[in-house]
Amino acid sequence: MSEPVPDPELGAALVSLELADLRLRPWWAAHWVAAGLGGERLAELAGLGGVEREVSDLWPLALAELGVATPVVGARRTAAPWMARQVLEGRRDLPWLQRELWPYREDTTDDDEALDGVVYAVDELLGLLERAELARRPPRRRRGLLWRGRVPEVSEQQERESRALVDAVVVALADGGVEAAAAVLDARSAGTVGGR
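The text that follows walks through the structure, step by step, so that each part is easy to find. (Residues numbered from 1 in each chain as written. Predicted model: local features only at pLDDT ≥ 70, side-chain atom pairs only at ≥ 80, totals over all residues. Heavy atoms only, no water.)

### Remarks on helix H1 (residues 8-16)
Then, in step 1: Taken across its 9 residues, H1 has 7 buried, putting it largely inside the fold.
Then, in step 2: Those residues of H1 not exposed but buried are Pro 8, Leu 10, Gly 11, Ala 12, Ala 13, Leu 14 and Val 15.
Then, in step 3: In this structure, the buried residues of H1 make contact with helix H2 (25-34), helix H4 (53-65) and helix H5 (75-88).
Then, in step 4: Of the residues flanking the start of H1, the one acting as N-cap is Asp 7, its side-chain oxygen 3.0 Å from the backbone nitrogen of Glu 9.
Then, in step 5: Immediately downstream of H1, the backbone of Glu 18 shows phi near 60 degrees, a positive value. (Buried < 20%, exposed > 50% of the residue type's maximum accessible area, 1.4 Å probe, protein only. Helix = DSSP H or I, 4+ residues; strand = E, 2+ residues; numbered from the N terminus. Contact = heavy atoms within 4.5 Å. Polar contact = N/O pair within 3.5 Å; in protein donor to acceptor, adjacent residues only side chain to side chain.)

See the structure below:
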C-alpha cells in the first residue's frame with residue numbers, strides 16, 4: 001500500500017464520503033488490531049479479505065469498538081487535511097478538492113461554517129484563475145466572427161497573488177486543518193499576507 005493507514009476516525013470519514021476503496025477496510029482493521037486497538041469485531045473484520053458482505057456488516061460494529069460513531073458527523077472536516085495532502089502529493093487536483101469539500105453535496109449533512117468559508121473563498125480564487133486562463137486563450141471563430149466571450153480582465157499580479165493564496169490555503173489545510181486554512185484567508189483579508 002502506498003498510502004499510510006488512516007486512524008479510525010479518518011478511515012470512517014473516508015468511507016462515509018466514498019473516498020476510499022471499501023476493500024481497504026479489513027486492511028486498516030488489521031493495522032488497528034496490530035496497534036492494540038479494538039476488540040472482537042475489529043479482529044473479525046481484520047480477518048476478512050475485503051470483498052465479503054460481512055465487511056459492511058462488521059464495519060460499524062468495529063468502529064463502535066474504537067469509539068467512532070456512525071454515521072460519521074463532520075466527515076468533511078475530518079477528511080479535509082487528507083484531501084489537501086492528496087492535492088499536494090499530486091494524486092488529485094484542486095477542482096477535485098473543491099468538489100469533494102463542497103458543502104451542499106447530496107451525500108453530506110455536515111454543517112461547518114468555517115470549512116464552508118474556506119471552500120467558498122477557494123472557489124472564488126479558482127474562478128479568478130480560470131478567468132485569467134480564459135483571457136490568455138486565443139479568440140475563436142463563432143459564426144464568422146472572432147469571439148472571445150465576456151471574460152473580465154485579471155492582472156498578472158492578481159493571478160500570481162491568487163495562485164499563491166490558493167497554494168497557501170491548501171498547505172495550511174493539509175498541515176493544520178480547517179482553522180489553519182481559515183487563518184491564512186483571514187490574514188489575507190486583513191492585508192497581512194500580501195503577495196504570498
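### Brief notes about the packing of aromatic side chains
Then, in step 1: Going through the model one piece at a time under the given rule, you end up with 4 aromatic pairs.
Then, in step 2: A ring pair is formed by Trp 28 and Trp 32, whose centres lie 6.2 Å apart and whose planes are at 40 degrees; its orientation type is tilted. With a gap of 4 residues between them, Trp 28 and Trp 32 both fall in helix H2, about one helical turn apart. The pair Trp 28 / Trp 32 is uniform in exposure class, with both members buried.
Then, in step 3: Measuring from ring centre to ring centre gives 6.1 Å for Trp 32 and Trp 59, while their planes differ by 35 degrees; the resulting arrangement is tilted. Here Trp 32 is found in helix H2, whereas its partner Trp 59 is found in helix H4, with 27 residues between them in sequence.
Then, in step 4: Judged by its relative accessible area of 4%, Trp 32 falls in the buried class. (Phe/Tyr/Trp six-rings, centres within 6.5 Å; stacked < 30°, edge-to-face > 60°.)

### Side note on the nonpolar core
Then, in step 1: In terms of nonpolar packing, the biggest core is built from 51 residues, with Leu 14, Met 83, Leu 101 and Val 169 touching the most fellow members.
Then, in step 2: The leading source of residues in this core is helix H8 (residues 156-176), at 8 residues.
Then, in step 3: Leave out the neighbours within four places in its chain, and Leu 101 touches Arg 76, Ala 80, Met 83, Leu 115, Val 119 and Leu 173. (Core = buried A, V, L, I, M, F, W, Y, C linked by side-chain atoms within 4.5 Å.)

### Comments concerning the pattern of salt bridges
For side chains bearing opposite charge, pairing can occur when the charged atoms are close.
Then, in step 1: Evaluation of the coordinates by the stated rule reveals 9 salt bridges.
Then, in step 2: A salt bridge links Arg 76 to Asp 116, with the shortest nitrogen-to-oxygen separation between them at 2.8 Å. Taken as a pair, Arg 76 in helix H5 and Asp 116 in helix H7 (residues 113-136) lie far apart in primary sequence, 40 residues in all. Like Arg 76, the residue Asp 116 is buried in the burial classification.
Then, in step 3: The salt bridge involving Arg 91 is made with Glu 89; its shortest N-O contact spans 3.1 Å.
Then, in step 4: Linked through salt bridges whose partners overlap, the residues forming this network are Arg 77, Asp 112 and Glu 179. (Salt bridge = Lys/Arg side-chain N within 4 Å of Asp/Glu carboxyl O.)

### Let's talk about the layout of surface pockets
Then, in step 1: For the largest pocket, the calculated volume is near 460 Å³.
Then, in step 2: Considering the residues around the largest pocket, the lining is formed by 22 residues, among which Glu 3, Pro 4, Trp 82, Gln 86 and Arg 91 are closest to the centre.
Then, in step 3: Mapped onto the lining of the largest pocket, the elements with two or more residues apiece are H1, H2 and H5.
Then, in step 4: Broken down by element, the lining of the largest pocket gets its largest block of residues, 3 residues, from H5.
Then, in step 5: A breakdown of the residues in the lining of the largest pocket according to their chemical character gives 13 nonpolar, 2 polar and 7 charged. (1 Å grid on protein atoms, 1.4 Å probe; cavity = no way out; pocket = protein on both sides within 12 Å on 5 of 7 lines; lining within 4 Å. Points joined across faces, edges and corners; volume = space filled by probe spheres on them. Nonpolar A, V, L, I, M, F, W, Y, C, P; charged D, E, K, R; others polar.)

### So, empty space enclosed by the protein
Then, in step 1: If you walk through the whole model with that rule in mind, you get 1 cavity of 30 Å³ or more.
Then, in step 2: If you add up the space inside the largest cavity, you get close to 70 Å³.
Then, in step 3: Considering the residues around the largest cavity, the lining is formed by Leu 97, Gln 98, Leu 101, Val 118, Val 119, Val 122, Val 169, Val 170 and Leu 173.
Then, in step 4: Classifying every residue of the lining of the largest cavity gives 8 nonpolar, 1 polar and no charged.

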